[in-house]
Amino acid sequence: MMRNNLMKICHAMGICKYSTSPQSVGSGSNMKNDWNNGDRSSATVRPDPCDNCPTGQYAANADYEAWLVAHPSALSSFDQMMNMAKVKRIIVFLDYDGTLSPIVNDPEAAFMSDTMRSAVRQVARYFPTAIISGRSREKVYEFVQLNDVYYAGSHGMDIMAPPRQQESCNANYHTRAVDKKGNEVIIFQPAQEFLPEILEIFNELEEETMAMEGVSIEDNRFCVSVHFRRAKEEDYGMIEERVTSVLSKHSNFHLTRGRKVMEIRPSIMWNKGHALEYLLETLGFADSDDVLPFYIGDDQTDEDAFKVIRNRGQGFPIIVSSKPKDTKASYSLRDPSEVLSFLLRLTRWRRNSSPSKLAT
């Protein structure tokens, strides 16, 4: 069923009108547009309640605790989750920014810790593991520096994967290459024809914002990101005007928003959810009933992947958030430090589990 759906998607690919319905927008669900409402938490220590907390803090904590009822902690629920995983084949999907690394003011300094890198390395030792990020695939690799992980950049529009077992997508989007270990791989890039225009957009945005303090333009290969985390709040409106002015010249592109970032992307029906399906098929797990995907992410763009897992009826979509938010995720982790704890616990569980109780 998944392979048939993926074939339909791939055969229909190309320039298309980009719907603003919840099913097709990068957010993937009826997420509130809170790009202008503050930063994502980059805290690495869970705050302790105290008697001197202001009333607003009490209310925020109460809201979060209520939200946890519907999206329980993946750490608190770990044993229950693993009971369902004993006879399944686990596949791990991870976002990067805000999940494996904290959100920082300078996007070029979003480094993951050595401890986190070690944890991801251990996870990849036991389970097929992929990182699906909005960053360019090359940039994510520079941050992660692991060769036993599959990488998907530009929100899934640039995927490095093993040679395909089923050729269900247009062969024009596939390029054979060799990875860092000398293994043959396939590079899948469904937005190749947009690269010249993406370069034009990048140059236009650079020119439009070069005099604006605190704004940086990032070339993410198949999308262009406008970061304004360090800009003055009173400049936010002007920044958006400049960005939308550039967008108006390029009818085959659309704008998406995150927290303190705007992105211009090609208007093709491809997102992180499609990337997850593509990787499952490439790895030979598309039609397997014994596969249990884990997807951990913090961004609105991860909602597309959460939705795919929910529609499969098996798997664990896990959102990283220290605040209540609308989400398709079933479980939650507060911040990257809890992601680290979860990954370490997952590898310990695998080491300590009897091979006879695990799917192979």
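Here the structure is a predicted model, which is why all the values come from computation and not from measurement.

(A) Up close: the sheet that holds strand β5 (residues 174-178). Spatially, the nine strands line up as an open sheet ordered β5-β6-β4-β3-β2-β1-β11-β12-β13, and their pairing is mixed. Two strands lie at the open edges of the sheet, namely β5 and β13 (331-333), each paired on one side alone. Averaged over neighbouring strand pairs, the angle between their axes works out to 20 degrees when direction is ignored. Note: strand β4 (residues 158-161) against strand β6 (residues 184-188), three bridges, orientation antiparallel. Its bridge partner being in β6, Ala 161 is matched across the sheet by Ile 186. Across the sheet, helix α5 (residues 137-144) touches β2 (129-132), β3 (150-153), β4 and β6, and the angle it forms with β3 is around 135 degrees.

(B) Examining the pairing of strand β10 (residues 261-266) more closely. Among the six residues in β10, six count as buried, and that is most of the element. Sheet analysis places strand β8 (residues 224-227) next to β10, joined by four bridges and oriented antiparallel. Counted as the bridge partner of Ser 225 is Glu 263 from β10. Where strand β9 (residues 253-258) lies against β10, six bridges are found, and the strand directions are antiparallel. When the bridges of β10 are listed, Arg 257 appears paired with Met 262. Linking β9 to β10, which pair antiparallel, is a turn of two residues; within it Lys 260 sits at a positive phi near 60 degrees.

(C) Layout of unusual backbone geometry. The phi angle at Gln 145 is positive, at roughly 60 degrees, despite the residue not being glycine. Here Gln 145 shows up in the loop between α5 and β3. A positive phi angle, close to 60 degrees, is found at Lys 260, a residue other than glycine. By secondary structure assignment, the location of Lys 260 is in the loop between β9 and β10.

(D) Molecular detail of the nonpolar core. Grouped together as the largest cluster of nonpolar side chains are 54 residues, with contacts concentrated most on Phe 93, Ile 159, Leu 205 and Ile 239. Counting residues in each nonpolar core, the second largest holds 39 residues, with Met 82, Leu 292, Val 339 and Trp 349 among its members.

(E) Here's a closer look at the pattern of salt bridges. One pass over the full model with this rule turns up 14 salt bridges. With its nearest N and O atoms 3.4 Å apart, the salt bridge here joins Glu 108 to Lys 139. Within this pair, whereas Glu 108 is found in the loop between β1 (89-94) and α4 (114-126), its partner Lys 139 is found in helix α5, the two being separated by 31 residues in sequence. For Glu 108, a relative accessible area of 41% gives the class partly exposed. Looking at Lys 139, the relative accessible area reads 14%, which means it is buried.

(F) The arrangement of the packing of aromatic side chains in detail. Within this structure, the stated rule accounts for 17 aromatic pairs. Seen in terms of ring centroids, Tyr 96 and Phe 143 are 5.3 Å apart; in terms of plane orientation they differ by 10 degrees. Their pairing is stacked. In this pair, Tyr 96 is assigned in the loop between β1 and α4 and Phe 143 in helix α5, connecting sequence segments 47 residues apart. Comparing Tyr 96 with Phe 143, the two get one shared label, buried. Members of the aromatic cluster, connected to one another through ring pairs, are Phe 78, Phe 294, Phe 316, Tyr 331 and Phe 342.

(G) Region of interest: the sheet that holds strand β7 (residues 216-219). An order of β7-β8-β10-β9 is seen for the four strands of this open sheet, with the pairing classed as antiparallel. Both edges of this open sheet fall to β7 and β9, since each of them pairs with a single strand only. When strand polarity is set aside, the average angle formed by the axes of neighbouring strands in this sheet is 20 degrees. Along the sheet face, helix α7 (residues 236-247) touches β8, β9 and β10 and points at about 155 degrees away from the line of β9.

(H) Structural context of the packing of helix α3 (residues 78-85) against helix α10 (residues 336-352). Contact pair α3 / α10: the axes reach a minimum separation of 12 Å and the direction vectors enclose 45 degrees. Taken together, the axes of α3 and α10 lie oblique to each other. The element α3 and its partner α10 pack so that their crossing is right-handed. Mapping the contact onto sequence places Phe 78, Asp 79, Met 81, Met 82 and Ala 85 in α3 and Phe 342, Arg 345, Leu 346 and Trp 349 in α10. For the contact of α3 with α10, the class distribution of residues is seven nonpolar, no polar and two charged.

(I) Representation of helix α6 (residues 195-209) in the model. Relative to the 21 Å expected for 15 residues at 1.5 Å per residue, α6 spans 21 Å between its end C-alpha atoms, a close match to the ideal helical length. Burial in α6 covers these residues: Ile 198, Ile 201, Phe 202, Leu 205 and Thr 209. Angularly, the buried residues of α6 cover 100 degrees about the axis, an arc narrow enough to put them on a single face. Exposed side of α6, more than 90 degrees from the buried face: Pro 196 and Glu 207 are the residues found there. At its buried positions, α6 is contacted by β7, β8, α7, β9 and β10.

Rules and cut-offs
- Within each chain, residues carry numbers counting from 1 in the order of the written sequence.
- Where totals are concerned, whole chains, interfaces and linings use all residues; where local detail is concerned, this predicted model gives features only for residues with pLDDT of at least 70, and gives and counts side-chain atom pairs only at 80 or more.
- Side-chain descriptors were evaluated using all non-hydrogen atoms of the structure, hydrogens and water having been removed beforehand.
- Two strands are counted as paired when DSSP detects at least two bridges linking them.
- Under the DSSP-based scheme used, a helix requires at least four consecutive residues in state H or I and a strand at least two consecutive residues in state E, with every element numbered from the N terminus.
- Axis definition: a line fitted to C-alpha atoms, over the contacting stretch in the case of helices. Angles run 0 to 180 degrees between N-to-C directions.
- In this description, contact between two residues means that some pair of their heavy atoms is separated by no more than 4.5 Å.
- Burial status follows relative accessibility: with a 1.4 Å probe on protein chains alone, a residue under 20% of its type maximum counts as buried, one over 50% as exposed, and anything between as partly exposed.
- We call a set of buried Ala, Val, Leu, Ile, Met, Phe, Trp, Tyr and Cys residues a nonpolar core when their side-chain atoms join them within 4.5 Å.
- A side-chain nitrogen of Lys or Arg and a carboxyl oxygen of Asp or Glu constitute a salt bridge if their distance falls within 4 Å.
- What counts as a ring pair is set by centres within 6.5 Å for rings of Phe, Tyr and Trp (its six-membered ring), and what kind of pair is set by the plane angle: stacked under 30 degrees, edge-to-face over 60, tilted for all other angles.
- Every angle not falling under 35 degrees, over 145, or within 65 to 115 is termed oblique; those three ranges are roughly parallel, roughly antiparallel and roughly perpendicular.
- Take the far helix as your reference; a near helix turned counterclockwise from it by less than a right angle gives a left-handed crossing, and one turned clockwise gives a right-handed crossing.
- Classification convention: Asp, Glu, Lys, Arg as charged; Ala, Val, Leu, Ile, Met, Phe, Trp, Tyr, Cys, Pro as nonpolar; all other residues, Gly among them, as polar.
- To estimate the expected span of a helix, count its residues, drop one, and scale the result by 1.5 Å.
- The directions considered for the arc are those from the helix axis to the C-beta atoms.

All quantities given are derived from atomic positions and should not be read as evidence of function.
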